[in-house]
Structure formats: C-alpha cells, structure tokens
Amino acid sequence: GLFGRFYGRVYFNQTLFQALLNRFYPSRAGWRAVPRFFATALRAGWLLLILPAQSQRMIAAILSQLRADGPRLPDRAVWQRLGFAAMEIHLAVTVLAELLYQALDKLARHWGDGATTAVVLTAGLTGVRSAEAGQALTDLARFAARDEALHVQIETTPSENLLVALDATDVGRAFAARFAAFLAEHGHGAAEEFELAAPRWRNEPLIALRAIQSQVLLETTDPRRPRANPTADRLAATARLASRLGLLRRAFFRGLLHWAQTFIAARENLKYHFVIAHGRLRDAYLAQARALTAAGQLTDVADIFFLTAAESDALAAGRLTAGAASEQVAERRQQWEIDRQLAPPAVLEQQTDGRYWPVSTPEETAGHSETTLRGFAAGPGAYTGRARLVRTLDEGAALQPGEVLVAPAASPGWTPLFLTAGALITEIGGALSHAAIIARERGLPAVLNVPGALTRIQTGQLVHVDGFAGTVRMLQNVEDL
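Residues numbered from 1 in each chain as written. Predicted model: local features only at pLDDT ≥ 70, side-chain atom pairs only at ≥ 80, totals over all residues. Heavy atoms only, no water.

### Digging into the sheet that holds strand S11 (residues 462-466)
Selection criterion: Pairing between strands is defined by DSSP: at least two bridges between the two strands are required. Per the convention used, a helix needs a DSSP run of H or I reaching at least four residues, while a strand needs a run of E reaching at least two, with both numbered from the N terminus. Only the stretch in contact is used when a helix axis is fitted, and all axes are lines through C-alpha atoms; the angle between N-to-C directions ranges over 0 to 180 degrees. Throughout, a residue-residue contact means that at least one pair of heavy atoms, one from each residue, lies within 4.5 Å.
Reading across the sheet, the eight strands line up as S5-S12-S11-S7-S8-S9-S10-S6 and stay open at both edges, with mixed pairing between neighbours. Since the sheet does not close on itself, it has two edges, and those belong to strand S5 (372-374) and strand S6 (376-379), each with one partner. Looking at each pair of strands side by side, their axes are set apart by 30 degrees on average, direction ignored. Strand direction decides the pairing type here: S5 and strand S12 (residues 471-474), joined by three bridges, are antiparallel. What sits directly across from leucine 373, in S12, is valine 472. Sheet strands in contact with helix H16 (residues 434-442) are S6, strand S9 (423-426) and strand S10 (446-448), and its direction is about 50 degrees off that of S6.

### Remarks on helix H12 (residues 247-294)
Note the following rule: Given the number of residues in a helix, its expected span is that number minus one, multiplied by 1.5 Å.
Taking 1.5 Å per residue as the helical rise, H12 with its 48 residues ought to reach 70 Å, and the 71 Å between its terminal C-alpha atoms agrees with that figure. Two residues or fewer after H12 comes glycine 296, characterised by a positive phi angle close to 80 degrees.

### Side note on the side chain of glutamate 268
As for its placement among the helices and strands, glutamate 268 is situated in helix H12. Those residues in contact with glutamate 268 that sit more than four places away from it in its chain are Val128, Ser130, His434, Ile437 and Ile438.

### Some points on unusual backbone geometry
Filter applied, for reference: Burial classes follow relative accessibility: with a 1.4 Å probe on protein chains only, a residue under 20% of its type's maximum area counts as buried, one over 50% as exposed, and anything between as partly exposed.
A positive phi angle is found at tyrosine 7, which is not glycine, with a value near 50 degrees. With respect to the helices and strands, tyrosine 7 occurs in the loop between strand S1 (3-6) and strand S2 (9-12). Look at asparagine 449: it is not a glycine, yet its phi comes out positive at around 55 degrees. With respect to the element layout, asparagine 449 can be found in the loop between S10 and helix H17 (453-456). The partly exposed category is assigned to asparagine 449, whose relative accessible area is 40%.

Have a look at this one:
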C-alpha cells in the first residue's frame, strides 16, 4: 500500500509511511516503543555495515551480465530479475542515506559556524557514475574547443545534422568516435528512465549533442571563466568544521560524514546501474516486438509497450490473436494520450473503497514573498541569470549557455542540460534527488522543491539563485520583460 497509481502516475503513500515510523517514536508510543526502537537501531546498524557491500555486488552482477550478453539478444527474465534486485537494495540504501544526510546536516548546523551545511559537506564526491557522464560530455567539448575548424563546425551545424557533417574530416571523425564511446558507456540514460517506452540517449542522442554544442560555445567564448571546484570547497569546509571540535566530537563527525558520503554515492551509483538493467529489459522487449511486427502480429514495434508481459508472450505463442492485441493497444494508447495531457495533483487521498481522489489544497507558498521564493538548498553557490522554463527535454533545446534552468524535476536523463545551465530551480526534489546530487557534484547552484516555480517565474526573467540559503529572488518584474 505504499504506492498507488492515479491516471498513469505513481504516488507514494506518505500517510502510511509516517504511521509506520510513528510506532518507533517513544514520545508517541511510550515505553512500549523502547524494545522496537532498540531492535530497529540494531538492524539499522547492521544494514549500515552490509548495504554498501551488497550494492557493490549488485553492480558487479549487472556489469558481469552485460559482458556475458555481448552481441546476443538480452534475456528478459534475467534482466527483470536483476532490475528488481537492484531496486530493492536501492530503496534500502536510499532510506539510510536520507537519515544520514539529515543527521549530518543537523550536526553541522549545531556544531559548526552556521555557514557549513550538509550541502557543502557532500559536494564534489568522486566515483559518482552519473556525474561522470556529465564530465565526459565536458571533456568532449574541451577536445572540440582545441581545434578551431572543429569547434566552428560544431557551433554552426544543426544538432540533427552534426554526426553526418563530422564524417567529412579526420578531426570530425575522431570527435565522432569519442562521442560513440560516450554513448557506449553512458547511452542507457533517458529523460524518463523508468519508462520502458522512452528512448535512451543511444537511440536519440540529440540532447547530448546539444549539450556539447553549448559547452563548446562556453569553452571558446569564455575560456577564462572561473570553474567551480566543489571538491576543494568540501575538503575546506570539512577541515574548518573539524577544527572546531574536540577529540570525541571530531571522531563522531568524521564517522558520520564517512557513512553519509558512502551511502549518497552508493544510492546514485546503484540507480545508475539499475537504469542499465532497465535499458537491457527494454532491449529485450524491442527484440520481441520486432519479431512480432515481422510476423504481422503487431502493427508497430512501439505497440509492445501497451501490452503486459503476459499478453506479449501470449501473442508470440498464438494464445492471443493479433486483432485482440490491436484492440488492447489502441484502447491503452488512447488512455495514455489522455493521461499525459493531465496536470497531476500534488496530493491524493484514498477513499474507503480504495479509490484515489485529488486533494484541493492551496498552493504551498510558506515563506514566499512578492519577489522571493523559498525551497530546498541543494547546490552550493549563488548565481544571477535569465530564467528558462523547461517542462520537457524537447523544450531543453532552447536552453542557452548560462541560463537558469527552471524545471518540474530533473532525472538522470536531464544531466546534459546541467552542463549548459548556470543554475537550477525545480518544483520537486529533495536532498538526495538526482538533481541535488549532480548539482553538488558539478558545483551548480540549485534550489529545489520550490512550489509554483513554473508559474511564478517566466522565461527571460532575471533571477538570483542562492544555493546556500535555498532562495530564489526575482530581480525583474514580469511586466518589464
């Protein structure tokens, strides 16, 4: 009952989750909670020790299966099993990562100088695979910027024609080979990585190419611009806070910091490799879809994503007719088109009969003023620039270098846009969301969970993003645009 679906969107049952947690608060349950509290603490300590190793073994299993597959068609059952196992560990790691992050933040605010927070103390970690994807794109842009003819070609050629144009010169082919290597390593990323029907970067590389073009433009027009160094900032903040503490407090702080950083990196890396497994599962379905299409049992390869796994197998085995499958696909596709046009409500309540109903609540604007919006401080630093509202990745093509990216949320598939943006604002997102982790890795000022950001801010508006305070100041009235 922790999850439910409403018009195609998945919702988390926060009420039930909080009710489960309340059982372990002594202030709510009295002395009866003490045995459960200690049992939970012991289990949490055990998980603290075993989950990082389990994460590494899960990642190794996914990579091992990837190598074993080679050029063969993927086995759907194998990749489904690996995906489920990875997500199970990922959820456990996420819970502990969240608890450790919040504990670190409270400790830093209580024992620190008032300016050092968990945002800074968990920035610039090494070995975060999704951040490495962004760095790989930056490296490609720097390679291109060193050759005048190449960077001019990249800057002036439409992204949809770029790969063909690059094939005309030796340096262009060298760049294209490096880009192909990037797709081979990171091309499983997608705008909606949980959606099997969503194409991966390797299928539609335009978002990555556009990000490189923007980055090349920055490298060639402003090569001396100061570069963020979140790792150095983190190490300096760590040393500064540790110097204020006595021996015992310093040891506790170092231990908590180590576990928080370990679990944050483990969470992001496990998610990255889950997306690899999910991408291979997509490949398995596409292989089956191509066979069914060739046999005349499906009209289009994409139709398979409107069938259940059991239905696609029944169609292949002849237990489901092509006509019946076509009716199911048409009906579900029509409903999907309707659902995707709806603006999902922020909150649902469950009726006694089990159905969900949207809750009409006033917009959460606590702390907002006429010119200042408040959210979650997620990425260190401050930045002033023009806003660009981007509701979908397709709209991301209009993002100009240095603009402030304002989005509903940001999944790993949005990583290329982080290279172009000067700062980030989202309506949804928390301390351990992908957007927060990557913003901290790249030193990108970010404020997340800003209610009404997409309605209060307009494209072209001058805004100041403070990733330390968690505020967005609008420096220009909408009427002045």
